[in-house]
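Take a look at the letters that make up each chain.
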Amino acid sequence: DGVGSVAWFEIMAQAIPSKRRGRLLGTAQVIGGLAGIGMGALIGQILSQISFPGNYALMFTLASTLLIPSTVALFLLREVPSDAPPEETDAPAEQEPRLRRLITWLKLPFANPAFRHVLICRIMVAMMGLATPFYVQHATKEMALPEATIGSFVIAQTTASVAASALLGWICERWGPRPV
C-alpha cells in the first residue's frame, strides 16, 4: 500500500477536481471500512480455527491477494502528456547538488504553515497507530483474551473509521479540505 498510495494520490490530484475529492475519499473509505468489518470477522474466524503460523500465513496471503492486483493496475495506468511545452532551465535537476535539493525539500514545512500542520498531524496519527499492536498483545497475553478477539478489535476500529470517513468526507465536500 505504501508503494502504490503515493502514485494513486498523485493521479487522483490531477484527475479529480478538489471540490469532489472529499466525497470520493469519504465514499471510498466508507466502502473500504465496511469491507474491513467483514474482514475483521474473517480474521476472528481464522485466528480461532487455524493455529500459528498457518493463520498468519493465510492472512498475509489474503492481504497480498487483494493489494497486489490494485498496485499492478495502478502501475499500468499511463498519464496523458500535457500540451504545455517543457520548461527550459539552465541546468537539469540531475546536475543540481543532492544536498541543495534536500535542503529545498526540508524548507517546505517551515515555509508553509498549512503544510507543516498536515505533516505534524500525520506524524502524530502514525505514532498513535504504532501502539495498536501492543494493545492487542496486552489483551491476549496479559488479560488472557482469546486470539479471536483480535477480529473484534478490527471490527471496532473499522466501524469508527467508517463513521469518521463519512463525516469527514461530508465536511470536505461542504467546506473544503482545510477543516478536515
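Residues numbered from 1 in each chain as written. Predicted model: local features only at pLDDT ≥ 70, side-chain atom pairs only at ≥ 80, totals over all residues. Heavy atoms only, no water.

### Looking at the overall build of the protein chain
Part 1 of the reasoning: The helix and strand tally for the protein chain stands at seven helices and zero strands.
Part 2 of the reasoning: Sequence-ordered secondary structure for the protein chain, helices as α and strands as β, is α-α-α-α-α-α-α.
Part 3 of the reasoning: Counting all 180 residues of the protein chain, 16% fall into the buried class.
Part 4 of the reasoning: Counting only contacts in the protein chain whose residues sit at least 6 apart along the sequence, the fraction spanning at least 24 positions is 56%. (Helix = DSSP H or I, 4+ residues; strand = E, 2+ residues; numbered from the N terminus. Buried < 20%, exposed > 50% of the residue type's maximum accessible area, 1.4 Å probe, protein only. Contact = heavy atoms within 4.5 Å.)

### A look at the side chain of Thr158
Part 1 of the reasoning: Relative to the assigned elements, Thr158 resides in helix α7 (residues 149-175).
Part 2 of the reasoning: Accessibility expressed as a relative area gives 13% for Thr158, which makes it buried.
Part 3 of the reasoning: Beyond its immediate sequence surroundings of up to four residues, Thr158 is in contact with Gly33, Gly36 and Ile37.

### As for the nonpolar core
Part 1 of the reasoning: Ile43, Ile46, Leu47, Met59, Val136 and Ile150 form the largest nonpolar core, which has six residues in total.
Part 2 of the reasoning: Top element by residues in this core is helix α2 (residues 18-49). It accounts for three residues. (Core = buried A, V, L, I, M, F, W, Y, C linked by side-chain atoms within 4.5 Å.)

### A closer look at unusual backbone geometry
Part 1 of the reasoning: Residue Pro53 follows Phe52 across a cis peptide bond; omega there is 5°.
Part 2 of the reasoning: Examined against the element boundaries, Pro53 turns out to sit in the loop between α2 and α3 (54-76).
Part 3 of the reasoning: Located in the positive-phi region is Ala144, a residue other than glycine, with phi close to 60°.
Part 4 of the reasoning: By relative accessible area, which is 61% here, Ala144 ends up exposed.

### Points about the pattern of salt bridges
Part 1 of the reasoning: Taken as a whole and assessed by the stated rule, the structure comprises two salt bridges.
Part 2 of the reasoning: In this structure, the salt-bridge partner of Arg20 is Glu173, at a minimum N-O distance of 2.5 Å. With Arg20 in helix α2 and Glu173 in helix α7, this pair connects stretches of sequence that are 153 residues apart.
Part 3 of the reasoning: Look at Glu173 and you get partly exposed, because its relative accessible area is 22%.
Part 4 of the reasoning: In this structure, Glu173 and Arg23 form a salt bridge, with 3.3 Å as the shortest nitrogen-oxygen distance. Linking Glu173 in helix α7 with Arg23 in helix α2, this pair joins segments that are 150 residues apart in sequence.
Part 5 of the reasoning: Salt bridges linked by common partners bring Arg20, Arg23 and Glu173 together as one network. (Salt bridge = Lys/Arg side-chain N within 4 Å of Asp/Glu carboxyl O.)

### Digging into the packing of helix α4 (residues 98-111) against helix α5 (residues 113-130)
Part 1 of the reasoning: As a packed pair, α4 and α5 sit with axes 6 Å apart at the nearest point and diverge in direction by 100°. Considered as vectors, α4 and α5 are oriented roughly perpendicular to each other. Contacts between α4 and α5 involve Leu108, Pro109, Phe110 and Ala111 from the former and Pro113, Phe115, Arg116 and Leu119 from the latter.
Part 2 of the reasoning: A class-by-class count of the residues in the contact of α4 with α5 yields seven nonpolar, no polar and one charged. (Axes fitted to C-alpha atoms, helices over the stretch in contact; angles between N-to-C directions. Parallel < 35°, antiparallel > 145°, perpendicular 65-115°, else oblique. Nonpolar A, V, L, I, M, F, W, Y, C, P; charged D, E, K, R; others polar.)

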